[in-house]
Amino acid sequence: MTWPFAKAARFFPPLVSGVVITVVGLALIGVGADLVIGNDPEAADYAAPSRLALAALVVIVILLVARFGRGFLAQTGVLLGLLAGTAVAVPMGLVDLSAARGADWIGVSAPFHFGAPEFPPVAVISMCVVMLALFAESTADLIAVAELTGKELTTGDVARGLAADGLSGVLGGVMNAFLDTVFAQNVGLVSMTRVRSRHVAAVAGAILVALGLIPKLGAVVAGLPGPVVGAAGLVMFATVAAVGISTLRKVEFEGTHNLLIVAVSIGVGLAPDVAPDLYSRFPDGVRIVLGSPVTSATLLAFGLNLSFNRSGQSRTADDEAGAAKQTRPTSTTPAEYVP
């Protein structure tokens, strides 16, 4: 399944990749906002000014570090924002570490805790649909990282990335977890910190594996206040959207249908995000695909680009190029004539 997606990566010019990256960032902003205001509308502190003020403090710290920090300090804005926000949240009573007190220091999950795996056909088909949606989002994240690092994304790069994504999903099932995917907020961190080394990512992965064996630490992280985590998330998610907008700057809009393609793809793609019940009466498989803003925007941008444009160029641009070629003088030197 990974190679068809990898082969399709060459059909993701800046028009398509820009739309997809923008939607990835915009679709996640709601997640950060929900963490800031709280998840329970009936709670006394739901959307309280104190929560918004705490979130604003985190954003201000991130901005100040980015503006006045130098060297390594400038790359730690998000971390310092989290620390400052948590310190202020303690006297506000927003830090709940009660779960950490009863958690173990060392813990290892037992494989197949819920029993041996089963493969009912309906469940297999449903999970394949889910993986298609995850692959679409992961491909968008791979394209975003390539844009940030200036690296040309090859078919092999995409195939290896998606294969790792699939292997991670298999390991997740073995260890009693759900399927996972690349987190777009990490793409935002690449842009904010400007740290682009694969070695850093590998070391960070090893650290996360080690931390996963310490349940008490996981409980401490889970106890961090929502406004603090949400504010940092807002900055990182919006950074991803900004990368997508920057990618769209490379697109030729004059005399083409590209503006319409961008508008329809973003509008229809984000519709289920602002109207969660939009596809509520559709079958489960359809809801999984169309209900994901990233997946629906990817499919739309991909299809519309192929329908309106040829080989990444608009028909208008192709026609103009053909007309210009016809008007060239027939008597010219090879150095002047470029077919």
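It should be noted that the structure appears before, not after, this text.
Since this is a predicted model, take the numbers as computed values, not measurements. (Residues numbered from 1 in each chain as written. Predicted model: local features only at pLDDT ≥ 70, side-chain atom pairs only at ≥ 80, totals over all residues. Heavy atoms only, no water.)

**Looking at the nonpolar core**
Then step 1. With 29 residues, the main nonpolar core has Val19, Val20, Ile21, Val23, Val24, Val262 and Ile266 as its most contacted residues.
Then step 2. Those elements that provide at least two residues to this core are helix H2 (14-37), helix H6 (121-149), helix H8 (184-193), helix H11 (226-248), helix H12 (258-274) and helix H14 (293-308).
Then step 3. Per element, the largest residue contribution to this core is nine residues, and it comes from H2. (Core = buried A, V, L, I, M, F, W, Y, C linked by side-chain atoms within 4.5 Å. Buried < 20%, exposed > 50% of the residue type's maximum accessible area, 1.4 Å probe, protein only. Helix = DSSP H or I, 4+ residues; strand = E, 2+ residues; numbered from the N terminus.)

**Some remarks on the packing of aromatic side chains**
Any aromatic ring pair is given by two values, namely how distant the centres are and how the planes are angled relative to each other.
Then step 1. Applying the stated criterion across every chain, the model contains one aromatic pair.
Then step 2. A centroid spacing of 5.6 Å and a plane angle of 85° characterise the contact between tyrosine 279 and phenylalanine 282, whose relative ring orientation is edge-to-face.
Then step 3. Directly above the ring of phenylalanine 68 sits arginine 67, whose terminal nitrogen or CZ lies 5.0 Å from the centroid.
Then step 4. Directly above the ring of tryptophan 105 sits lysine 216, whose terminal nitrogen or CZ lies 5.2 Å from the centroid. (Phe/Tyr/Trp six-rings, centres within 6.5 Å; stacked < 30°, edge-to-face > 60°. Lys NZ or Arg CZ within 6 Å of the ring centre and 35° of its normal.)

**Describing the layout of surface pockets**
Then step 1. Taken as a whole, the second largest pocket holds about 780 Å³ of empty space.
Then step 2. Forming the walls of the second largest pocket are 25 residues, and the residues nearest its centre are Glu118, Phe119, Met127, Gly169 and Gly173.
Then step 3. Broken down by secondary-structure element, the contributors of at least two residues to the lining of the second largest pocket are H6 and helix H7 (155-174).
Then step 4. If you tally residues by element for the lining of the second largest pocket, the top one is H6, at six residues. (1 Å grid on protein atoms, 1.4 Å probe; cavity = no way out; pocket = protein on both sides within 12 Å on 5 of 7 lines; lining within 4 Å. Points joined across faces, edges and corners; volume = space filled by probe spheres on them.)

**Some words on the environment of valine 274**
Then step 1. In this structure, valine 274 sits in helix H12.
Then step 2. Since its relative accessible area comes to 69%, valine 274 is described here as exposed.
Then step 3. Sequence separation between valine 274 and proline 293 is 19 residues; the distance between their C-alpha atoms is 9.8 Å.

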